[in-house]
Amino acid sequence: MRKLLITCCCILSTIYLFSQEYKPSPAIRESQQQFLDNKFGLFIHWGLYSILGNGEWVRTNRSIPEKEYDRLMDQFNPYKFDAKSWVRLAKQTGMKYITFVSRHHDGFSMFDTKYSDFNIMNTPYGKDVLKELAIACKEEGIKLHLYYSILDWKHPDYHFETGKTGKGFERYQSGNWDNYITFMKNQITELLTNYGEIGAIWLDGHWDQLDNDYNKDLKPKVDWKYEEIYSLIHKLQPSCMVANNHHLNPLPGEDFQIFEKDLPGGNSTGFGGQKVSRLPLEMCETMNTSWGYSITDTAWKSVPKLKKLFLQSLANGSNMLLNVGPLATGEIQEQIIERLNGLGQWINQYATAIYGTRAVNYPINDEFVLLKKDSKVFVHFIEPPLKKFVLYVPYQIKTIKNLTNQKTVRFDKIEKDYYLLHIDDQETAALELQL
Ligand code: JFZ
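Residues numbered from 1 in each chain as written. Predicted model: local features only at pLDDT ≥ 70, side-chain atom pairs only at ≥ 80, totals over all residues.

1. Overview of the domain arrangement of the protein
Piece 1. Domain annotation of the protein identifies domain 1 (14-349) and domain 2 (368-434).
Piece 2. The gap between the C-alpha centroids of domain 1 and domain 2 is 38 Å.
Piece 3. Here the side of domain 1 that touches domain 2 takes five residues from helix 9 (residues 303-315), the largest share from any one element.
Piece 4. Its residues assigned to classes, the side of domain 1 that touches domain 2 comprises four nonpolar, one polar and one charged. (Domains from an automatic or database assignment. Helix = DSSP H or I, 4+ residues; strand = E, 2+ residues; numbered from the N terminus. Nonpolar A, V, L, I, M, F, W, Y, C, P; charged D, E, K, R; others polar.)

2. Remarks on the packing of helix 5 (residues 83-92) against helix 6 (residues 129-140)
Piece 1. The contact between helix 5 and helix 6 brings their axes to 8 Å, and the two run at 45°. In this view, helix 5 runs oblique relative to helix 6, as classed from their interaxial angle. Between helix 5 and helix 6 lies a crossing whose hand is right-handed. When helix 5 is examined against helix 6, the residues Ala83, Lys84, Val87, Arg88 and Lys91 are found in contact with a partner set consisting of Glu132, Leu133, Ala136, Cys137 and Glu140. (Axes fitted to C-alpha atoms, helices over the stretch in contact; angles between N-to-C directions. Parallel < 35°, antiparallel > 145°, perpendicular 65-115°, else oblique. Left-handed = near helix turned anticlockwise from the far one by under 90°. Contact = placed C-beta atoms within 7 Å.)

3. So, helix 7 (residues 177-191)
Piece 1. Relative to the 21 Å expected for 15 residues at 1.5 Å per residue, helix 7 spans 21 Å between its end C-alpha atoms, a close match to the ideal helical length.
Piece 2. Taken as a whole, helix 7 has its buried residues at Met184, Gln187, Ile188 and Leu191. In an axial view of helix 7, the angular spread of the buried residues amounts to 100°, which keeps them on one side of the axis.
Piece 3. Against strand 2 (97-103), strand 3 (143-149), strand 4 (200-204) and helix 8 (226-236) lie the buried residues of helix 7. (Expected span 1.5 Å × (residues − 1). Buried ≥ 20, exposed ≤ 12 C-beta atoms within 10 Å, placed from the backbone. Arc of directions from axis to C-beta.)

Written out as C-alpha cells, the structure reads:
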C-alpha cells in the first residue's frame with residue numbers, strides 16, 4: 001500500500017512538473033544571452049559517410065546493407081585531421097561556437113563510447129576526434145555544441161518499423177524501445193561528462209516517426225521521453241542548452257529554436273512553417289546544398305550570398321550555423337576555405353556592429369538590415385548604397401559614422417523618421433547611427 005502511494009505521488013508530481021510552463025534556470029538564461037551575443041557558429045557534418053562523398057544520408061539513399069556500411073569503419077583514417085586548424089578556421093571566420101555531429105542517423109559514434117562498438121576508437125585512426133576537438137575549442141575559447149541523432153539506422157532497438165527512413169536494408173524485428181532510450185541517455189551522459197563544458201545538445205530525428213513533416217499537430221509514433229532526456233541534460237550540465245530540430249513549435253525544456261535551411265518563419269523546404277517563438281533562434285545552412293561531404297555538389301553559395309543570409313538571419317533575431325562537410329581525410333575543401341575567409345574578413349572588420357547586437361522590429365528587405373546595441377543602431381548594407389541615400393528609421397539620430405572609412409556622414413532630416421544621407425564612398429558596408 002505504501003509503495004503504491006509513493007508511486008502515485010511520484011507520477012502526480014511528475015505530471016505537475018511538466019504541466020507547468022518551462023522556465024529556464026538562471027544558468028540557462030545566461031547561456032541564452034551569450035548565445036544571442038555570439039551570432040555565428042560552424043556546423044560540422046563528418047563521419048563514415050564522408051568516405052563515400054555522397055552526403056550523410058548515403059546509407060539510406062543508396063540502401064547500403066549493414067555489412068557493407070560497417071566496412072567503412074575499417075577505412076576511416078583521417079590522417080590529415082587537425083582539430084586545432086579546424087577550430088582556428090572557425091575562429092578566424094568570426095564564429096564563436098562549433099556544433100559537431102557526434103552521431104548522425106547512421107548510428108556511428110564519432111567519440112569514445114562504452115555503449116556501442118560502432119565508434120571512432122575501432123577505426124584505423126583509433127583516437128577520439130571529439131576529445132581532440134574539445135581540447136582545441138577550450139584552448140581557443142570557442143564553445144562546443146553537440147549534434148546528436150535520436151534516429152538510428154543501425155541500433156537493433158530503434159523502432160524502425162514505424163519510422164519513415166532507413167527501410168531499404170534488412171533490419172532486426174521489434175527491438176526494445178526502453179533499451180534504446182537508455183542507450184541514448186547513456187551516450188548523452190558520456191558526452192556531457194567526458195568532454196568538458198558543452199554549450200548545447202542539438203537533437204535531430206523526431207520527424208522520422210511522423211507520417212509527414214508539414215502537419216505540425218501529428219503525434220510521433222514512439223515516446224521520445226523528452227522530459228527525461230532534457231532534464232538529464234540540464235542536470236548533468238546546468239548551463240547546457242537543449243535544442244531539437246523537430247521542425248515544430250518548441251517543447252518545454254528546449255532553450256533555443258532551430259530553423260533548417262530557412263529564415264525563421266520561412267517554409268521553402270516544406271518542413272518549415274513552425275511558429276517563431278520567443279526563444280533565441282538559430283538558422284542552419286549549407287555552403288553548397290549538402291551537409292556531409294558531397295563529391296559532386298558544386299552549387300557553392302557566393303560570399304555576398306552568404307553575407308546576405310547571415311545579415312538577414314541576424315535581422316530576424318537568429319544566429320546562423322553555417323555548415324562544412326570535411327573530407328574523410330580531415331581536409332576541408334578550398335572552396336569552403338575561400339568562402340570562410342571572405343566572410344571572416346568582413347565580419348572581423350565590422351565586429352562591433354555585429355556581436356552583442358539585437359534585432360529591431362523593421363521590415364526585412366534586400367538592401368540593408370538594422371541591428372541595435374545600447375544607444376547605437378547599425379545599418380549593414382546588403383546592396384551598396386546610393387550616394388544620396390534615403391533612410392527611413394523610427395529614431396532620433398544625433399550623428400552618423402561610416403564604419404568603412406571612419407568618417408562622419410552628413411545627413412539632412414527630411415521629415416519625421418526620414419533622413420537623407422550623403423554617402424561619400426560606394427564601398428560603404430556599414431554605418432553607425434548614434435541615437
Ligand atoms: C536533418 C538531417 O536529416 C540532415 O542530415 C542534417 O543533419 C540536418 C542538419 O538535419 O535534416 C533534415 C531533417 C528532416 C528532413 C530533411 C532534412 N525531412 O524530414 O525532410
